[in-house]
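The lines below spell out each chain.
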Amino acid sequence: MDVLYWILIVCAFMIAFVGLVYPIIPSVVFIVLGFILYGFFFSFEPLTLSFWLIQAMFTAVLFAADYVSNLIGVKRFGGSRAAIWGSTIGLLIGPFVIPIAGIIIGPFIGSVLAELLVHRKDMKTSVKVGLGSLIGFVSGVFAKGLIQALMLAIFLFYVLR
């Protein structure tokens, strides 16, 4: 049964990493699910208060990283708050409209359209903001991936010691 339990725990963690590129999947929920599954299947004893406090801190950082990376990417290239919203909407809708490629194209198109329609900027400026949105998204994925990997490393540290 231990092997089955570990398979379920690892699947929860893998789904969390899939959520990096498919934002409809709440990554942090699946990471925490993996921790909780470990506690129920094996024991909560290694998962001390300090473990949960550290994980809560990284959870807050994960949420902030998502927003801040997009904000920096758009703002650095001259985008507006509307472009940030457009990027976010494109990120959520893109994968459903254009499977796989929509995760990259969606935020770009969303921010470009927001700049064109809301702020009436020219095409060149709007595309520049769209590229900023794309750079923000990609850097956010890398940042969140590192944070999630660190959360798992801390989990393993507490479990294996």
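Scroll up for the structure.
Note that the coordinates shown come from a computational prediction; the quantities given were computed from them, not determined experimentally.

How each quantity is defined
- Residues numbered from 1 in each chain as written.
- Predicted model: local features only at pLDDT ≥ 70, side-chain atom pairs only at ≥ 80, totals over all residues.
- Heavy atoms only, no water.
- Core = buried A, V, L, I, M, F, W, Y, C linked by side-chain atoms within 4.5 Å.
- Buried < 20%, exposed > 50% of the residue type's maximum accessible area, 1.4 Å probe, protein only.
- Helix = DSSP H or I, 4+ residues; strand = E, 2+ residues; numbered from the N terminus.
- Contact = heavy atoms within 4.5 Å.
- Axes fitted to C-alpha atoms, helices over the stretch in contact; angles between N-to-C directions.
- Left-handed = near helix turned anticlockwise from the far one by under 90°.
- Nonpolar A, V, L, I, M, F, W, Y, C, P; charged D, E, K, R; others polar.
- Phe/Tyr/Trp six-rings, centres within 6.5 Å; stacked < 30°, edge-to-face > 60°.

**Section: the nonpolar core**
- Counting residues in hydrophobic clusters, the biggest one holds 21 residues, and the most contacted among them are Phe13, Phe35, Phe51 and Phe155.
- Every element with two or more residues in this core is listed here: α1 (2-18), α2 (27-41), α3 (49-76) and α6 (123-160).
- Considering every element that reaches this core, the biggest residue donor is α6, with seven residues.
- Look past the residues within four positions of Phe13 in its chain and what remains in contact with it is Phe30, Ile31, Gly34, Phe35, Leu152 and Phe155.
- Counting five residues, the second largest nonpolar core, distinct from the first, contains Leu20, Ile103, Phe137 and Val141.

**Regarding the packing of helix α4 (residues 81-97) against helix α5 (residues 102-117)**
- Following both chains from N to C, one finds α4 and α5 inclined at 145 degrees, their axes separated by 6 Å at the closest point. Where α4 crosses over α5, the handedness of that crossing is right-handed. Across the interface between the two elements, Ala82, Ala83, Gly86, Ser87, Gly90, Leu91, Gly94 and Pro95 from α4 touch Gly102, Ile103, Gly106, Pro107, Gly110, Ser111, Ala114 and Glu115 from α5.
- Broken down by class, the residue content of the contact of α4 with α5 amounts to seven nonpolar, eight polar and one charged.

**Structural notes on the packing of aromatic side chains**
- Counting across every chain of the model gives 16 aromatic pairs.
- With centroids separated by 4.1 Å and ring planes inclined at 10 degrees, the aromatic side chains of Tyr5 and Phe41 adopt a geometry described as stacked. Of this pair, Tyr5 sits in helix α1 while Phe41 sits in helix α2; the two residues are 36 residues apart in sequence, bridging distant segments of the chain.
- Measuring from centroid to centroid gives 5.4 Å for Phe13 and Phe155, while their planes differ by 70 degrees, and the two rings are edge-to-face. With a gap of 142 residues between them, Phe13 in helix α1 and Phe155 in helix α6 connect regions that are remote in the sequence. Considered together, Phe13 and Phe155 belong to a single accessibility category, that of buried residues.
- What links up through ring pairs into an aromatic cluster is the set Tyr5, Trp6, Phe13, Phe35, Tyr38, Phe41, Phe42, Phe51, Trp52, Phe155, Phe157 and Tyr158.

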